[in-house]
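Okay, here's what each chain looks like letter by letter:
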Number of protein chains: 6
Amino acid sequence: MPYVNIKVTGGAEAPTPAQKAELIRGATELLVRVLNKNPATTVVVIEEIPMDNWGTGGETVTARRKAQSA
Amino acid sequence: MPYVNIKVTGGAEAPTPAQKAELIRGATELLVRVLNKNPATTVVVIEEIPMDNWGTGGETVTARRKAQSA
Amino acid sequence: MPYVNIKVTGGAEAPTPAQKAELIRGATELLVRVLNKNPATTVVVIEEIPMDNWGTGGETVTARRKAQSA
Amino acid sequence: MPYVNIKVTGGAEAPTPAQKAELIRGATELLVRVLNKNPATTVVVIEEIPMDNWGTGGETVTARRKAQSA
Amino acid sequence: MPYVNIKVTGGAEAPTPAQKAELIRGATELLVRVLNKNPATTVVVIEEIPMDNWGTGGETVTARRKAQSA
Amino acid sequence: MPYVNIKVTGGAEAPTPAQKAELIRGATELLVRVLNKNPATTVVVIEEIPMDNWGTGGETVTARRKAQSA
């Protein structure tokens, strides 16, 4: 009965519905394969975080993307 | 000073404001009753997760709801 | 299929096994009563946080408990 | 490689993009200063919670703000 | 730069170090494969939850395991 | 009434009690300074994650530390 929470950047980088379905299938299969967990009770929750709200290196992703494309 | 995080499906299944208030009241009362916690410092955060972003059994809730109503 | 995460202080303030069972029963009943959720797919996870690792008012709970008992 | 998750009330109380950037910079600097962590691998995620979905004292923030301004 | 949090039951059911390494590798590969994310900035955190602290169906896993083996 | 969750590696890399107190003080001051939040209702929770349970680049921190010191 594992619980998996996946946080990714949203907005322009948000996963499509098909990609979300693939993440849920893949994460569930991983828990089944590695730990023999029951897929029926494996919960996966995907959260999409706006690029202004995600930071690494002390900067928002918004700022990093701008710097990369400059 | 407990912290309670409740994640439920949103969208068409999202709780109403009255239901959210009831969840917050109920979760706080539970912590007061069972552990004698101070309600003033008990924090409850409800998060609504789109049905495309929540999976069990390796499938999105969107797909499961369709299969159930088919 | 809700997911409930309850964080409380552990150590000397940790809930007993019976209190944990009561929190799990109570949180599940709350979701059933307010939102008509399926208890079989309602997941509750309790996390016990050491008092050195929990802060409010800018201080650890350890420091607050000392100040209260002084 | 720390991970920092900051949850604040959103809606009318949501931080501006500049405030989010400042939270990300400040949280990263804190981890560098106190624990000598590498800023490049320090992740900060800010989540904005609607005032109907956040509770303390058994009440939603929406209700508390109304009571304060009444 | 995704963040993946995997919660599983610990104690007698805790994953081995090799299984944890496999979960981390698998979750990272999933994000690379489905969303073309950079593995270097993909963070995976595994949390082991005692069986008394995890509930489904309103019961602790401890109680469910006992009922299953009875 | 913000909620801040800080996850860092534990074990040999665990913060000392003084460092935890400094993280709690610093995170609270950050929320006060940037968003004018009330420190009394600002909650900070620090979680220490074993190095086998934390991964980046598809590897556990345990494996990365070994490679660095080899």
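Residues numbered from 1 in each chain as written. Chains lettered and ligands numbered in written order. Predicted model: local features only at pLDDT ≥ 70, side-chain atom pairs only at ≥ 80, totals over all residues. Heavy atoms only, no water.

**Looking at the interface of chain C and chain E**
So, step 1. The interface is formed by 17 residues belonging to chain C together with twelve residues belonging to chain E.
So, step 2. Across the chain C/chain E interface, buried area totals approximately 1100 Å², and carbon plus sulfur atoms make up 54% of it.
So, step 3. Area buried by chain C at its contact with chain E is led by Ile24, Val45 and Glu47 of chain C, which between them contribute 35% of it.
So, step 4. Applying the counting criterion to the chain C and chain E interface returns zero salt bridges.
So, step 5. The interface formed by chain C and chain E holds five residue pairs in polar contact (both at pLDDT 80 or more) in total. (Contact = heavy atoms within 4.5 Å. Buried area = accessible area lost by both parts, 1.4 Å probe. Salt bridge = Lys/Arg side-chain N within 4 Å of Asp/Glu carboxyl O. Polar contact = N/O pair within 3.5 Å; in protein donor to acceptor, adjacent residues only side chain to side chain.)

**A closer look at the relation of the copies chain C and chain E**
So, step 1. For these two chains of identical sequence, chain C goes onto chain E by a turn of 120° and a shift of 0.0 Å along the axis, with RMSD 0.0 Å. Here the symmetry operator amounts to a three-fold rotation axis. In terms of proximity to the rotation axis, the leading residue of chain C is Glu47 of chain C, whose C-alpha is 5.8 Å off the axis.
So, step 2. In this assembly the copies use different faces: only 6% of the residues contributing to the interface of chain C also contribute to that of chain E. (Least-squares fit on C-alpha atoms with pLDDT ≥ 70 in both.)

**Considerations on the relation of the copies chain E and chain A**
So, step 1. In screw terms, the move from chain E to chain A is a rotation of 180° and a rise of 0.0 Å along the axis, fitting with an RMSD of 0.0 Å. Expressed as an axis order, the relation between the two copies is that of a two-fold axis. Considering only C-alpha atoms, the part of chain E nearest the rotation axis is Asn5 of chain E, at 2.5 Å.
So, step 2. Counting the interface residues of chain E, we find that 100% of their copies in chain A are interface residues as well, pointing to one common contact surface.

**Focus on the sheet that holds strand β4 (residues 59-60) of chain A**
So, step 1. Pairing in this open sheet of eight strands is mixed, and the strands run β4(A)-β3(A)-β2(D)-β1(D)-β1(F)-β2(F)-β3(C)-β4(C) from one edge to the other. Unpaired on one side and paired on the other, β4 of chain A together with β4 (59-60) of chain C mark the two borders of the sheet.
So, step 2. Pairing of strand β3 (residues 54-56) of chain A with β4 of chain A involves two bridges; the strand directions are antiparallel. The residue of β4 of chain A that forms the bridge with Gly55 of chain A is Thr60 of chain A. (Pairing = 2+ DSSP bridges. Helix = DSSP H or I, 4+ residues; strand = E, 2+ residues; numbered from the N terminus.)

**Here we look at empty space enclosed by the protein**
So, step 1. For the structure shown, the criterion picks out five cavities of 30 Å³ or more.
So, step 2. When its volume is computed, the largest cavity comes out at roughly 270 Å³.
So, step 3. Taken together, 22 residues line the largest cavity, and the ones lying closest to its centre are Lys7 of chain A, Lys7 of chain B, Lys7 of chain C, Lys7 of chain D together with Lys7 of chain F.
So, step 4. Elements with a contribution of two residues or more to the lining of the largest cavity: β1 (3-9) of chain A, β1 (3-9) of chain B, β1 (3-9) of chain C, β1 (3-9) of chain D, β1 (3-9) of chain E together with β1 (3-9) of chain F.
So, step 5. Reported here for the second largest cavity is a volume of approximately 70 Å³. (1 Å grid on protein atoms, 1.4 Å probe; cavity = no way out; pocket = protein on both sides within 12 Å on 5 of 7 lines; lining within 4 Å. Points joined across faces, edges and corners; volume = space filled by probe spheres on them.)

**Focus: the interface of chain E and chain A**
So, step 1. Facing 26 residues of chain E, the contacting portion of chain A comprises 26 residues.
So, step 2. Taking both sides of the interface into account, the surface hidden between chain E and chain A amounts to around 2200 Å²; carbon and sulfur atoms contribute 69%.
So, step 3. Between the two partners, chain E and chain A, sit two salt bridges.
So, step 4. The partner of Arg33 of chain A in a salt bridge is Glu22 of chain E, with the nearest N and O atoms 3.0 Å apart.
So, step 5. Seen at the junction of chain E and chain A, the total is nine residue pairs in polar contact (both at pLDDT 80 or more).
So, step 6. With ten residues, helix α1 (residues 17-35) of chain E is the single largest residue contributor to the side of chain E that touches chain A.
So, step 7. Here the side of chain E that touches chain A is built from residues that sort into 15 nonpolar, five polar and six charged. (Nonpolar A, V, L, I, M, F, W, Y, C, P; charged D, E, K, R; others polar.)

**Digging into the confidence of the model for chain A**
Detail in the predicted coordinates should be disregarded across regions flagged by low pLDDT.
So, step 1. Residues at a pLDDT of 70 or more form 100% of chain A, whose mean pLDDT is 96.
So, step 2. Taken together, the chains of this predicted complex give a pTM of 0.97 and an interface ipTM of 0.97. (pLDDT = per-residue confidence, 0-100.)

**Some details on the arrangement of the chains**
So, step 1. A minimum C-alpha distance of 14 Å separates chain C and chain D, which share no contact.
So, step 2. Structurally, chain A and chain F remain out of contact, their C-alpha atoms never closer than 14 Å.

**Notes on unusual backbone geometry**
So, step 1. With a phi angle near 60°, Asn36 of chain E is a residue other than glycine that sits in the positive phi range.
So, step 2. Looking at where Asn36 of chain E falls in the secondary structure, it is placed in the loop between α1 and β2 (43-49).

**Some words on the packing of aromatic side chains**
So, step 1. This structure, assessed with the given rule, holds three aromatic pairs over all chains.
So, step 2. With a centroid separation of 3.6 Å and 0° between ring planes, the pair formed by Tyr3 of chain B and Tyr3 of chain F is classed as stacked. Of the two residues, Tyr3 of chain B sits in strand β1 while Tyr3 of chain F sits in strand β1, which places them in two different chains.
So, step 3. In this structure Tyr3 of chain B comes out as buried when scored by relative accessible area, which is 2%. (Phe/Tyr/Trp six-rings, centres within 6.5 Å; stacked < 30°, edge-to-face > 60°. Buried < 20%, exposed > 50% of the residue type's maximum accessible area, 1.4 Å probe, protein only.)

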